[in-house]
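# Per-entry structural report
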Amino acid sequence: MISLLQEGEVKFYAPTGEKISSKLPVFYNPQMKLARDVAVEIVRQLKPKNACCLMDASGIRSLRLWKEAGVENITANDISDAACELMEKNFSLNKAKIKIAKGDCNSLETEEGFDYIDLDPFGSPVKFLSSAVSKLKRNGVIAITATDIGCMAGRFKEACMRKYFIKPLVSPFSKELATRILISKVQSAAAEYEKALIPIFVQYSNHYIRVYLKCHGTISDVLASQGFVFFCKSCMRWKTSKIPVASSCKCGADLDWAGPMWIGMLWDSRLKVNSIKHVNDEALISALGFYDTHKMSKRLKFAIPRIEPLMEKIRSAGFKASRTHFCDTAVRSDIPYEKFMKLIS
């Protein structure tokens, strides 16, 4: 059933009442509203001259960027006849002059390229990456969604290595590592075209991760922040390294590892996004991983500390501290593990 809906400032028609599936000719996923809210906030600040929304289904992404972010030159793409017909209906309803490009997004042609590209597939984006990044202009930004978090977060290690050629790791901050794995895979695809992509924003939600990468700098800049993450399941200490050196933890236990992946900053702190709690604060902290107080207390047998007083202690000790949008029970900080353990013991 097709219903008239509203999201943000846009009214549009979309199917309702059916279970969301890749088998549907066209679908609208209301659970992705937050991702679209964030995209609007970011694109407002980027001010691209043109944009392309790949696999746009109902056209809601294009419409919101046109209406709420002020992007006048937008191309909306989908392979489905039904989707393109629905986009045309929605664009007409909103009197939006948005170009519809029907066809496989991998075959979409453009002479000039785009300042902003939004790729939001159903499942893994891997098979669409090469074509998408090839269309990105210098200093442009590409936003990519992935819903196959299970494999990148370490639950399905072999599947991750097949798709992404990167070894994942189960840890308290697995969702962050999944984000870094996706970033590295996109950077690898861009390197085929001698393009360097640097992350400027990342977002995690219940069933997806989303990364925004800017095409600037050099491939040497990208390589400088590739590395490995080592994690001890016994004492929950972790570290990073540029090379995969096998070693034991300081506690004597073996270290598990993940990589190679992006180990640099995830956010450009100049971008401000108010749709997600805590992200503006954690964007100021240059630290990979975070301290999940609940999981650590269960493993290491200490009383769960209250988050706010704990962060005050960390700041009083001369370090940065913030909550993280990745985990409600965690603190992101640049405080070393040993000093953190002294504060909570």
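Residues numbered from 1 in each chain as written. Predicted model: local features only at pLDDT ≥ 70, side-chain atom pairs only at ≥ 80, totals over all residues. Heavy atoms only, no water.

## Concerning the overall build of the chain
When helices and strands are tallied, the chain shows 12 helices and 15 strands. Taking 2.2 N^0.38 as the reference for a compact globule, 345 residues should give roughly 20 Å; the C-alpha atoms of the chain span a radius of gyration of 21 Å, in line with that estimate. Based on the C-alpha atoms only, the size of the chain along its principal axes is roughly 65 × 40 × 35 Å. Roughly 16000 Å² of accessible area belongs to the chain as shown, and the carbon and sulfur atoms make up 51% of that amount. In the chain, which carries 51 positive and 36 negative side-chain charges, the distance between the mean positions of the two groups comes to 6 Å. (Helix = DSSP H or I, 4+ residues; strand = E, 2+ residues; numbered from the N terminus. Rg over C-alpha atoms; globule rule 2.2 N^0.38 Å. Areas by Shrake-Rupley, 256 points an atom, 1.4 Å probe, with all protein chains shown as cover. Lys, Arg positive; Asp, Glu negative; His and termini not counted. Charge placed at Lys NZ, Arg CZ, Asp CG, Glu CD.)

## As for the layout of surface pockets
Its boundaries defined by the atoms lining it, the second largest pocket holds a volume of some 420 Å³. Surrounding the second largest pocket, 20 residues form its lining, Trp-238, Lys-239, Tyr-291, Pro-336 and Tyr-337 being those nearest its centre. Contributing elements (two or more residues each) for the lining of the second largest pocket: strand 11 (238-241) and helix 12 (337-344). By residue number, the principal contributor to the lining of the second largest pocket is strand 11, which donates three residues. Looking at the lining of the second largest pocket residue by residue, the classes come out as 11 nonpolar, four polar and five charged. (1 Å grid on protein atoms, 1.4 Å probe; cavity = no way out; pocket = protein on both sides within 12 Å on 5 of 7 lines; lining within 4 Å. Points joined across faces, edges and corners; volume = space filled by probe spheres on them. Nonpolar A, V, L, I, M, F, W, Y, C, P; charged D, E, K, R; others polar.)

## Overview of the sheet that holds strand 14 (residues 321-324)
Reading across from one edge, 13-15-14 is the order of the three strands in this open sheet, with antiparallel pairing throughout. With one partner strand each, in any of the chains shown, strand 13 (291-292) and strand 14 form the two edges of the open sheet. Inspection of the sheet shows strand 13 paired to strand 15 (residues 327-333) by two bridges, in the antiparallel sense. Considered in strand 15, the bridge of Tyr-291 is made with Val-331. Strands in contact with helix 11 (residues 307-316) are strand 14 and strand 15; relative to strand 14, the strand with the most contacts, it is inclined by about 145 degrees. (Pairing = 2+ DSSP bridges. Contact = heavy atoms within 4.5 Å. Axes fitted to C-alpha atoms, helices over the stretch in contact; angles between N-to-C directions.)

## Topic: the packing of helix 11 against helix 12
Working note: a packed helix pair is described by the angle between its axes plus the distance between those axes. Packing of helix 11 against helix 12 leaves a shortest axis separation of 11 Å and a crossing angle of 130 degrees. The pairing of helix 11 with helix 12 is recorded here as oblique in orientation. Between helix 11 and helix 12 the crossing geometry is right-handed. Residues Leu-310, Lys-313 and Ile-314 of helix 11 form the contact with helix 12, whose participating residues are Phe-340, Leu-343 and Ile-344. Grouping the amino acids of the contact of helix 11 with helix 12 by side-chain chemistry returns five nonpolar, no polar and one charged. (Parallel < 35°, antiparallel > 145°, perpendicular 65-115°, else oblique. Left-handed = near helix turned anticlockwise from the far one by under 90°.)

## Comments concerning the packing of aromatic side chains
This structure, assessed with the given rule, holds 11 aromatic pairs. Judged by centre distance (5.0 Å) and plane angle (70 degrees), the rings of Phe-12 and Tyr-28 are edge-to-face. With Phe-12 in strand 2 (residues 10-15) and Tyr-28 in the loop between strand 2 and helix 1 (33-46), this pair connects stretches of sequence that are 16 residues apart. For Phe-12, a relative accessible area of 0% translates into the label buried. Aromatic rings pair up to connect Phe-173, Tyr-204, Phe-231, Trp-238, Trp-267, Phe-290, Tyr-291, Phe-326 and Phe-340 into one cluster. Its guanidinium or amino end placed over the ring of Tyr-13, Lys-89 lies 4.2 Å from that ring's centre, counting from NZ or CZ. One cation-aromatic arrangement involves Lys-167 over Trp-257; the distance from NZ or CZ to the ring centre is 4.9 Å. (Phe/Tyr/Trp six-rings, centres within 6.5 Å; stacked < 30°, edge-to-face > 60°. Buried < 20%, exposed > 50% of the residue type's maximum accessible area, 1.4 Å probe, protein only. Lys NZ or Arg CZ within 6 Å of the ring centre and 35° of its normal.)

## Quick look at unusual backbone geometry
Apart from glycine, the bulk of residues carry a negative phi angle, and the bulk of peptide bonds sit in the trans form. The amide bond that connects Gly-259 to the next residue, Pro-260, takes the cis arrangement and shows omega of -5 degrees. By secondary structure assignment, the location of Pro-260 is in strand 12 (residues 256-262). Located in the positive-phi region is His-278, a residue other than glycine, with phi close to 75 degrees. Looking at the secondary structure, you find His-278 in the loop between strand 12 and helix 9 (279-282). Relative accessible area serves as the criterion here: at 30%, His-278 is assigned to the partly exposed category.

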